[in-house]
Amino acid sequence: MYLSYLLPPLAIAGLATALAIIILLAERYLMDYGEVELKVNDKLYKVKGGSTVLSTLKQEKIFIPSACGGRATCAYCKVTAVKGFGEVLPTEAPLLTKEDLTKNVRLACQIKVKNNCEIRIPDELFSIREFRARVDSITDLTYDIKHFIFRLLSPPEIEYKPGQYIQFQSQPYGDVSDSVYRAYSMCGLASERNQVELMVRLVPEGICTTYMFKHLKAGNEVIITGPYGDFYLRDSNRRMVCIAGGSGMAPIRAILLAMTPEEIERRRPIFFFGARSRKDLFLVDEWREFEARHPAFKFVPALSGPEPDDDWTGATGRITDVVAQFVPDAKDCEGYLCGSPGMLNACVEILCKLGVDEEQIYYDKFA
Amino acid sequence: MTSLPDRPVKADPKLFEIEEKLRQGNYLKDENRSLNRLLEDDAALIASLNMDMAFVISQLDMFYKEASEGLGEPVLLENSYEVSFREDRGKIACPWGDKFFAPKAVVYARNIKTGATLRFSVLGLHMLKRHGFFQGQGSPFRLEPKELKSFFEL
Ligand SMILES: Cc1cc2nc3c(=O)[nH]c(=O)nc-3n(C[C@H](O)[C@H](O)[C@H](O)COP(=O)(O)OP(=O)(O)OC[C@H]3O[C@@H](n4cnc5c(N)ncnc54)[C@H](O)[C@@H]3O)c2cc1C
Ligand code: FES
Ligand SMILES: [Zn+2]
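Residue positions are given per chain, counting from 1 as you read along its sequence in written order. As they are written, the chains are lettered A onward and the ligands numbered 1 onward, keeping that order. This being a predicted model, a pLDDT of at least 70 is required before a residue's local features are given, and a value of 80 or more before pairs of side-chain atoms are given or counted; all residues contribute to the totals for chains, interfaces and linings.

Trainee: Explain the pairing of strand β5 (residues 117-120) of chain A to me, please; I cannot follow it from the model alone.
Mentor: Along any regular strand the residues' side chains alternate between the sheet's two faces. Residue and element names in this part refer to chain A. Put plainly, a residue is buried at 20 or more neighbouring C-beta atoms within 10 Å of its own, exposed at 12 or fewer, and partly exposed in between, counting only other residues' C-beta atoms, which are placed from the backbone. Runs of E in the DSSP output that reach at least two residues are strands. Runs of H or I that reach at least four are helices, and both are numbered from the N terminus. By the alternation rule, side chains of β5 split into Cys117 and Ile119, which are all buried, and Glu118 and Arg120, of which none is buried. For strand β1 (residues 35-40) and β5, the ladder comprises 3 bridges, and the chain directions are parallel. Across the sheet, residue Leu38 finds its bridge partner in β5, namely Cys117. Here, any two strands with at least 2 DSSP bridges between them count as paired. Bridge analysis of strand β3 (residues 78-83) against β5 gives 3 bridges, and the strand direction is antiparallel. Pairing of Ala81 across the sheet is with Ile119, part of β5.

Trainee: Explain the site of ligand 1 to me, please; I cannot follow it from the model alone.
Mentor: The local shell around ligand 1 holds 36 residues, among which Gly206, Cys208 and Thr209 of chain A together with Gly90 and Ser121 of chain B are the closest. As a rule, any residue with its backbone-derived C-beta atom within 6 Å of a molecule or strand is reported as near that molecule or strand. Surrounding ligand 1 is a set of residues that belongs to chains A and B. Secondary structure elements with two or more residues in the shell around ligand 1: β9 (181-185), β10 (195-201) and α4 (207-215) of chain A together with β2 (81-93), β3 (101-111) and α4 (122-131) of chain B. Residue classes in the shell around ligand 1 are distributed as 19 nonpolar, 11 polar and 6 charged. Amino acids outside the nonpolar list (Ala, Val, Leu, Ile, Met, Phe, Trp, Tyr, Cys, Pro) and the charged list (Asp, Glu, Lys, Arg) are all regarded as polar, and Gly is one of them.

Trainee: What exactly am I supposed to notice about the sheet that holds strand β12 (residues 239-245) of chain A here?
Mentor: Within a sheet, each strand pairs with its neighbour through backbone hydrogen bonds, oriented either parallel or antiparallel. Residues and elements named next belong to chain A. Pairing is parallel across the open sheet formed by 6 strands, whose spatial order is β15-β14-β13-β12-β16-β17. The sheet is open, and its two borders are formed by β15 (315-316) and β17 (361-362), each paired with just one other strand. The pairing of β12 with strand β13 (residues 270-275) spans 5 bridges and is parallel. Note that in β13 the partner of Gly245 across the bridge is Gly274. By definition, residues are in contact whenever their C-beta atoms, placed on the basis of the backbone, come within 7 Å of each other. Interaxial angles span 0 to 180 degrees and are taken between N-to-C directions of axes, which are lines fitted to C-alpha atoms, for helices over the stretch in contact. Sheet strands in contact with helix α7 (residues 284-293) are β13 and β14 (298-303), and its direction is about 150 degrees off that of β14. Contacting β12, β13, β14 and β15, helix α8 (residues 319-326) runs over the sheet at an angle of about 155 degrees to β13.

Trainee: Help me out: how do you make sense of the domain arrangement of chain A in this one?
Mentor: You'll often see interface size given as the accessible area lost when the parts meet. All names here are of chain A. Each domain span listed reflects an automatic or database assignment of domains. When the domains of chain A are assigned, the result is domain 1 (31-125), domain 2 (128-228) and domain 3 (239-362). In this structure, domain 2 and domain 3 have C-alpha centres spaced 25 Å apart. Counting residues at the interface gives 16 residues for domain 2 and 15 residues for domain 3. The biggest single contributor to the side of domain 2 that touches domain 3 is β10, with 4 residues. Among the residues making up the side of domain 2 that touches domain 3, the classes are represented as 11 nonpolar, 4 polar and 1 charged.

Trainee: Quick question: what am I supposed to make of the interface of chain B and chain A here?
Mentor: Contacts between the two partners involve 24 residues from chain B and, on the opposite side, 31 residues from chain A. Within the residue set of the side of chain B that touches chain A, elements represented by two or more residues are α1 (14-24) and β2 of chain B. The element contributing the most residues to the side of chain B that touches chain A is β2 of chain B, with 5 residues. Of the residues contributing to the side of chain B that touches chain A, the split by class is 9 nonpolar, 6 polar and 9 charged.

Trainee: Is there a simple way to explain the sheet that holds strand β8 (residues 165-169) of chain A in this structure?
Mentor: All names here are of chain A. Across the sheet, which stays open at both edges, the 6 strands sit in the order β9-β8-β11-β6-β7-β10 with antiparallel pairing between neighbours. The open sheet has two edge strands with one neighbour each: β9 and β10. Adjacent strand axes in the sheet meet at a mean angle of 40 degrees, parallel and antiparallel pairs treated alike. Here β8 runs beside β9; their pairing, made up of 5 bridges, is antiparallel. Bridging across to β9, Tyr165 finds its partner in Ser185.

Encoded structure:
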């Protein structure tokens, strides 16, 4: 009874799947689109037809952001399709907004290059590279944050604006059969172009961080792409109010380390670092040394829930309250924030209340 | 007794595509049953446990709201539960392809009287609410109906 009720729809679905597989195989092995022209912004590429825009561009060393490896689940790979791509596909539709549809925005991982066609992408994407790198060292910063240093092998150097991030590709491990791509902000000195430094916080059951914490070892080779993002130091004379929590210290560190003594003198940065208790604090000595070298810089670690034996005499309370206490009038300030979305919202709100123009509060919008 | 909201239609061909995505992620883990079968079995289990899922979901929703406002600090709810929130950067798309992007966030809850604990992710709550999906056996974020029942002392 139960079976007879299920069989017809199951049979239809099975047939539909089989048909889709046959079409896919036929397209892969029998269809030859030959060489076609793909125009990207003002540049013309002669490419082999038949593959998705994402993988065709990768062959041309143009790396479109992707966090799902082309499975139409992350929506990072949006490009403007100018001509040659036909109707929106059922696999793309769920990830395209009404605005995307009116502007011909499509998913590069789904649309295919089958004939002469044209797309537009942001110009910054042309400077993104794929790097082969070797793990140089992995060090504990706290019980759940590690510092990774990757030495670049090929290409041997990366050029980026301090504050930007890379995408790290994990490898299959245990019963995780998939590679995933995750964003991590660079935390080192941008002038050390032959390496990339990251601060990564372990996410319980997280696919990529479990790989990085439990399986990645010094000497292993990895793939990263980048640089991405528009979180970086803006040129102005305003005082900098930097606020971070956890691994959010990474891009703020990159920004502060890259500033010249004159810039620090002029911008008088104050860096609030929020943590729950002492065990979540790290690099305090490094920031104290930085303070000693640059009297115009101030570091304010703040604990929201210090343990009784933390022996803590520094700032306590929510990071937003601590900011308000130290910078009661922030009209001449600019905000640089990095942390969880909840923390970002609360910090934007308090900075605006204290007088910062919302346009002058910077953080990774993608986060 | 309320049934699960918006349960997918039996043997919906789209479920095959969704199942493929779920198997690539960590949603089904060592689950041998098809997605369709799993959804049916869990719905039957809820019925046999006589659980009011609308109540459970409204509690989980409330935990999420209150915990997220605590910004990482534990929040006490009417002296019955303690909840806290952990949020990482980034978003995760619902594998059902319904344009839902969850924050990468997890709610931890403790029943103060019994000491029982519960952990659920924002995406997990969405999948339970919208798709009646508790996740597969062995999946790290499976919401086990029996554990929900005992946590809420139903
Ligand atoms: C611009 C940017 C910069 C970033 N920089 C940094 C950085 O410098 N350092 C850093 O540590 N992180 C950074 N991140 C976060 C990082 O990219 C990852 O999102 C994070 O490390 C988690 O990845 P993961 O693969 O370990 O976890 P994932 O596997 O993606 O899981 C994360 C969360 O998704 C949910 N989830 C996953 N699977 C399921 C399931 N089966 N059911 C229900 N829910 C589920 C849970 O809430 C889980 O906690 C950044 C993110 C962005 C966007
Ligand atoms: S690469 Fe993730 S949706 Fe296209
Ligand atoms: Zn959904």
